[in-house]
Amino acid sequence: MQKRIAHRIRLAIAAIGMILSMAVIFAVPLQAEAAEQNVTMTSCKLNSSGKKLTVKAKVKKKTSAMGKKLYLLKLNAYNSESGKKSATPLASAKTKKGTIKFKINYKSSMLYQKFVVAYKSGSKYQVVSDARYITNPEVLAGYKGKGPTATSKKGLQVEELSDALEVGTKHAVVNWTLNSLLNDNAVNKVAYKYRGKTYYLDADQLQRNDEQVKAYNAAGVRVTVILLLPKDAASSGTKSMQYGGYSYTKFSSFNTTSKAGCRTFEAVMTYLAGRYGTKDNLVCGWILGNEVNSACIWNFGGNKSLNIYMKNYARAFRICYNAVRSVSKNAKVYISLDNNWNRDVDGSGNRYFTSKAVVDKFYAKLKEQGKIDFQIAFHAYPQGMADPVFWDDSWATNSTSAKIINFKNLNVLTKYAKKNFGKKCTVMFSEQSFNTTKGEAVQAAAYAYAYYLCEANSMVEAFIYGREFDHPEETKVGYYWGLCDNWHVKRLIWNVFQYIDTKDSFKFTDPLVKYTNLKKWTKISGLKRSKFTRMESKRTKAVITDVESMSTTSVKISWEKQSAGDGYEIYRDGSLLDTIAGNSTVTYTDKNLTTGSTYQYQIRMYKDAPDSSDANKRTRLYGSLSDAVSVTVTCGQVTVNTDKCSVNGNEITVAWKKLTGVAGYEIYRATALDGEYSLIGTAGSSKTTYKDAQTLSGTTYYYKVRAFVTTNGVNGYGKFSEPTNKLARINLTATIVGDKILLNWTQWQNLTDYRIYTKSGSDGSFVWQKTLAALTYTMKKCKDTDQKKYPFATGETYQFRVRAVYPDGRCSDYSNVLSITFQPNDTANTTTASDVTPTTETSETTESTEPASTETTTEVQQTESQPTETGTESTGTETQPTETGTESTGTETQPTETGTESTGTETQPTETGTESTGTETQPTETGTESTGTETQPTETGTESIGTEIQPTEAGTEN
């Protein structure tokens, strides 16, 4: 046994000797390389204009190898910083001991590059210095502001915008994953070209991010983004940046060691910095990764040593920093750490590191290549994550050697950061929630305690509560951290969170202090109650926005929503009328009132707070009563019955729905939607229509109706209806004078030319009779669908309509349709035609059913740009653009008219077209007409069989 032990000892000694020998051998080149570091970079800064870059270095030892000149080189972030380089120098300086300086023109490609000093060695350049990045990118920033000013340190990892604003968060922290942004397979993509390569971002995701950020900015909330890179082998957009990971790895660190990964990260950061670096779309802070000291689960870095791991992370951090600071001067960048300050979960392994070791090494790596400011995003969870009571945690000692840091000993962290990294290294507690395992009162007390500790510490930027709602996966393992449960039922902590930074802060938290190890909150060093008296009040005065009569026995009260309340109380004439639970309902209808009586209303909000004697009970706090608003009960708002509003010629019928108990209605009219409305008539209580015949054809009229009641001889009015509008059409009248029919019509606007249409019998179609410049026309004959002219037949029923023609060929709406049964009479006596009542009307521009006919005519209002008539009129439908169509049975397609008409006279040149059975070819009108179809060709021809030469008589037909 002893021999075996001795032998093992000898073998061990021999092995140690071999190791030492190898160390000596390999130390030679390392020492040689170290000997080359005779130059130290001291500064790399842009001038105030951002156009010049000055790089300074200190030559500690001048060697013969350096020659007469030293050269400034630029390297990409992923390049090695030692050895010989094939490069084009940016500038040179005389070799001398002491400080040397290089001044060059700045180019945008230099933002993420590092600079080294070298001497020429053959055709290459030997690096003799460390590397240095630009350390003041903020001089390039276009946005110089600081973003929204937070009035407190209250923050939330937000999930729903409306709830986050309702609880009054001042800091919103959101998670953005790069695989959801860089997405080659997105349906809608944004192409972004960076250094010769095109990258694709998801346009829809960017839009959602924009909406979220802008909404918080508009509400005065500071936005911080946690930038995450999920382990996702399927993500082609982010694959080059990923380190991979274990089966349980959630997120990767940002791999910038390769050209592809580094360029991708530079590209995405350049794009995001530009998009979210403006006043209205501003991200104030960027947290790079999650719990960086957890190098296996939350920020996998390739299973590297702490030194290499932090060197790689620092490179990515600097790219992020230079990107956002070059656009937004005051943007902040954070390293994320968990609570394991000196507690190394896996000992000396590479899967976990202590937070202290990580931040120390990180800072050292930053200093090596140019010191920049950084902030810490810390997760200060209790010693037992399921236990909300942090103030008794034994590991959280008041020493820099403490195993963990949480809210109990947060001063250890802030003092350490200030002492070792500078006073600009502030801390955001960016993720912390408290469990409900010991009851809602203890959960709320833990939050209040933690918040006051943060409020009292000047090195703390904000305290971000981690859960708005319980997460289903977390509840499986016993974590109920939300302000609400997963059904959105609010817990006590919701109310405490909402009021923690207001004048009423201690009204909500004093009942909770007994659940902690304090007797009163002011035992917290630096916490002063007087500070909170200067904070805003959320129990504000209510504002009534409207009180209106809804009927002859009811009124409706409306008021502004008060998001900080739990409900409202409604008062009538100084007495409590009713209570409404919930702050979303902002109207109330008071019924069973007396018509003609006047009532006075007020509103106030209420809020439920912990009772001073028992925090599990509630006491009610109130806002100020609104100003009193009076209303007299009259009647409700009239509703226009649009289905029954109609136009017949220039007579417009306005219809409405009947209201019970009213005395009557008043009808008002205007010629513009927002014009001055004048009273044009009244209607009795039983009436639901009003006919307005005092109109001008071609004018659109707008109508409003209101009801009224009469009490003791005095009218009380309801609210006006919503406006409705109708276009007054041409009003056509007709009389029989002897054996002729006399037509008269009103003028459409200032137009002079009109087309006359006639239909005989119940099955026929309207036939275009004539176009003339007059407002009257006497007819003895009419054309049929075959374009033959016949005298009016005794006992036959005829229908007429008219429409105006614009100079460009557009046509107005049709007039009303008149029906007359022809009975010749003595010229001393006349017979008047009657209107054909339309059955329906789809709009003021469309006659859906032509009276006594199946023809529906689509018209263009005089206010619209009407196309040249080129349409086709089918059975019951007449479309008249470019008048060069074909008219079939019941269809009128009106060809281009090039004839000249004046003062009721139509001049028609010789007609050269040929007309066969039932077909008439007319001048200036080209087309073919078959049975029941009128196609009017260009009027330049001669008409044979059935040809009719139309007279030039103005407005009279013989």
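What counts as what
Residues numbered from 1 in each chain as written. Predicted model: local features only at pLDDT ≥ 70, side-chain atom pairs only at ≥ 80, totals over all residues. Heavy atoms only, no water. Axes fitted to C-alpha atoms, helices over the stretch in contact; angles between N-to-C directions. Helix = DSSP H or I, 4+ residues; strand = E, 2+ residues; numbered from the N terminus. Parallel < 35°, antiparallel > 145°, perpendicular 65-115°, else oblique. Left-handed = near helix turned anticlockwise from the far one by under 90°. Contact = heavy atoms within 4.5 Å. Nonpolar A, V, L, I, M, F, W, Y, C, P; charged D, E, K, R; others polar. Pairing = 2+ DSSP bridges. Buried < 20%, exposed > 50% of the residue type's maximum accessible area, 1.4 Å probe, protein only. 1 Å grid on protein atoms, 1.4 Å probe; cavity = no way out; pocket = protein on both sides within 12 Å on 5 of 7 lines; lining within 4 Å. Points joined across faces, edges and corners; volume = space filled by probe spheres on them. pLDDT = per-residue confidence, 0-100. Salt bridge = Lys/Arg side-chain N within 4 Å of Asp/Glu carboxyl O. Expected span 1.5 Å × (residues − 1). Phe/Tyr/Trp six-rings, centres within 6.5 Å; stacked < 30°, edge-to-face > 60°. Lys NZ or Arg CZ within 6 Å of the ring centre and 35° of its normal. Core = buried A, V, L, I, M, F, W, Y, C linked by side-chain atoms within 4.5 Å.

An unreviewed UniProt entry lists the protein chain under the name Fibronectin type III domain-containing protein, from Roseburia zhanii.

Caption draft 1: Seen up close, the packing of helix 5 (residues 259-275) against helix 6 (residues 306-325). Interaxial distance between helix 5 and helix 6 falls to 8 Å at its minimum, and their mutual angle equals 30°. By the angle between their directions, the pair helix 5 and helix 6 is classed as roughly parallel. Classified by chirality, the crossing of helix 6 by helix 5 is right-handed. Residue-level contacts link Cys262, Phe265, Glu266, Met269, Thr270 and Ala273 of helix 5 to Ala316, Ile319, Cys320, Ala323 and Val324 of helix 6. For the contact of helix 5 with helix 6, the residue count by class is 9 nonpolar, 1 polar and 1 charged.

Caption draft 2: Representation of the sheet that holds strand 20 (residues 544-551) within the structure. On the basis of which strands lie adjacent, the open sheet formed by 3 strands has the order 20-21-24 and antiparallel pairing. The open sheet has two free edges, formed respectively by strand 20 and strand 24 (587-590), since each of these has just one partner strand. If you compare each strand with its neighbour and ignore which way they point, the axes differ by 20° on average. Pairing analysis gives 4 bridges linking strand 21 (residues 554-559) to strand 24, with the strands arranged antiparallel. Paired with Ile557 across the two strands is Tyr588, which belongs to strand 24.

Caption draft 3: Up close: the packing of helix 7 (residues 355-368) against helix 8 (residues 410-421). The geometry of helix 7 relative to helix 8 is characterised by a closest axis approach of 12 Å and an angle of 20° between their N-to-C directions. Here helix 8 runs roughly parallel to helix 7, going by the angle between their axes. Relative to helix 8, the crossing made by helix 7 is right-handed. Across the interface between the two elements, Lys356, Val359, Asp360 and Tyr363 from helix 7 touch Tyr416, Asn420 and Phe421 from helix 8. When its residues are assigned to classes, the contact of helix 7 with helix 8 shows 4 nonpolar, 1 polar and 2 charged.

Caption draft 4: Spatial organisation of the pairing of strand 30 (residues 664-670). For strand 30, a buried count of 7 out of 7 residues is recorded, marking the element as mostly surrounded by other parts of the structure. Burial along strand 30 is two-sided: the face carrying Gly664, Glu666, Tyr668 and Ala670 and the face carrying Tyr665, Ile667 and Arg669 are both buried. Summarising the sheet, strand 30 and strand 31 (residues 678-684) pair through 6 bridges and their orientation is antiparallel. Its bridge partner being in strand 31, Tyr668 is matched across the sheet by Leu679. Pairing geometry for strand 30 and strand 33 (residues 700-711), over 7 bridges, is antiparallel. In the sheet register, Gly664 faces strand 33, and the bridge partner there is Phe708.

Caption draft 5: Structural view of the layout of surface pockets. Approximately 1,200 Å³ is the volume attributed to the largest pocket. Lining the largest pocket are 40 residues, with Asn290, Trp298, Tyr381, Glu431 and Glu474 positioned closest to its centre. Among the secondary structure elements, those contributing two or more residues to the lining of the largest pocket are strand 11 (171-177), strand 14 (222-228) and helix 10 (472-475). The leading source of residues in the lining of the largest pocket is strand 11, at 4 residues. Taken together, the residues of the lining of the largest pocket break down into 18 nonpolar, 13 polar and 9 charged. In terms of lining, the second largest pocket is formed by 26 residues, of which the most central are Arg222, Asn330, Lys332, Thr426 and Glu461. Among the elements of the structure, strand 14, helix 6 and strand 16 (332-337) are those that each provide at least two residues to the lining of the second largest pocket.

Caption draft 6: Examining the confidence of the model for the protein chain more closely. For the protein chain, per-residue confidence averages 85 on the pLDDT scale, and residues scoring 70 or more make up 82% of the total. Segment residues 1-35 is flagged for pLDDT under 50; beyond a separation of four residues in sequence, or across chains, it makes 1 contact in the model. When the criterion is pLDDT under 50, residues 839-954 qualifies, and its contacts beyond four places in sequence or with other chains add up to 355 contacts.

Caption draft 7: View of unusual backbone geometry. One non-glycine residue, Glu291, lies in the positive phi region at around 45°. For Glu291, a relative accessible area of 10% translates into the label buried. Positive phi is not limited to glycine here, since His488 has a value of about 70°. On the secondary structure map, His488 appears in the loop between helix 10 and helix 11 (492-499).

Caption draft 8: View of the pattern of salt bridges. This model, assessed by the stated rule, comprises 31 salt bridges. Residues joined in a network through salt bridges with shared partners are Lys154, Lys170, Asp501, Glu536 and Lys538.

Caption draft 9: Up close: helix 5. Under the 1.5 Å per step criterion, the end-to-end length of helix 5 is 24 Å for 17 residues, consistent within 8% with the ideal 24 Å. Burial runs high along helix 5: 12 of the 17 residues are buried. Among the residues making up helix 5, those that are buried are Gly261, Cys262, Arg263, Thr264, Phe265, Glu266, Ala267, Val268, Met269, Tyr271, Leu272 and Ala273.

Caption draft 10: The packing of aromatic side chains, seen in detail. Applying the stated criterion across every chain, the model contains 50 aromatic pairs. Seen in terms of ring centroids, Trp176 and Trp286 are 6.1 Å apart; in terms of plane orientation they differ by 75°. Their pairing is edge-to-face. Of this pair, Trp176 sits in strand 11 while Trp286 sits in strand 15 (residues 285-288), and the two are 110 residues apart along the sequence. For the residue pair Trp176 and Trp286, the accessibility class agrees, reading buried in each case. When the centroid spacing of 5.7 Å and the interplanar angle of 40° are considered together, the rings of Tyr381 and Trp481 count as tilted. Placement of the pair is Tyr381 in the loop between strand 17 (375-378) and helix 8 and Trp481 in the loop between helix 10 and helix 11, with a sequence separation of 100 residues. By the burial criterion, Tyr381 is buried, and Trp481 matches it. For the cation-ring pair, Lys704 lies above Tyr677, with the distance from its terminal atom to the ring centre recorded as 4.5 Å. The ring of Tyr814 has Arg801 sitting right over it, with the charged end atom 3.6 Å from the ring centre.

Caption draft 11: Summary view of the nonpolar core. In this structure, Phe374, Ile376, Phe407, Phe429 and Trp521 are the most contacted members of the largest nonpolar core, which totals 143 residues. No other element matches the 13 residues that helix 9 (residues 440-455) contributes to this core. Listed in part, the 26 residues of the second largest apolar core include Leu743, Tyr754, Met779 and Phe792.

Caption draft 12: Representation of the sheet that holds strand 18 (residues 427-432). Around the barrel, 8 strands lie side by side as 10-11-14-15-16-17-18-19; this closed barrel has parallel pairing. Across the sheet, the axes of successive neighbouring strands diverge by a mean angle of 25°, strand direction being ignored. Note: strand 11 against strand 14, 7 bridges, orientation parallel. Bridge assignment links Ala172 to a residue of strand 14, and that residue is Val223. Strands in contact with helix 7 are strand 16 and strand 17; relative to strand 16, the strand with the most contacts, it is inclined by about 145°. Against the sheet, helix 11 makes contact with strand 10 (154-157) and strand 19 (460-465), and its axis sits at roughly 135° relative to strand 10, the strand it touches most.

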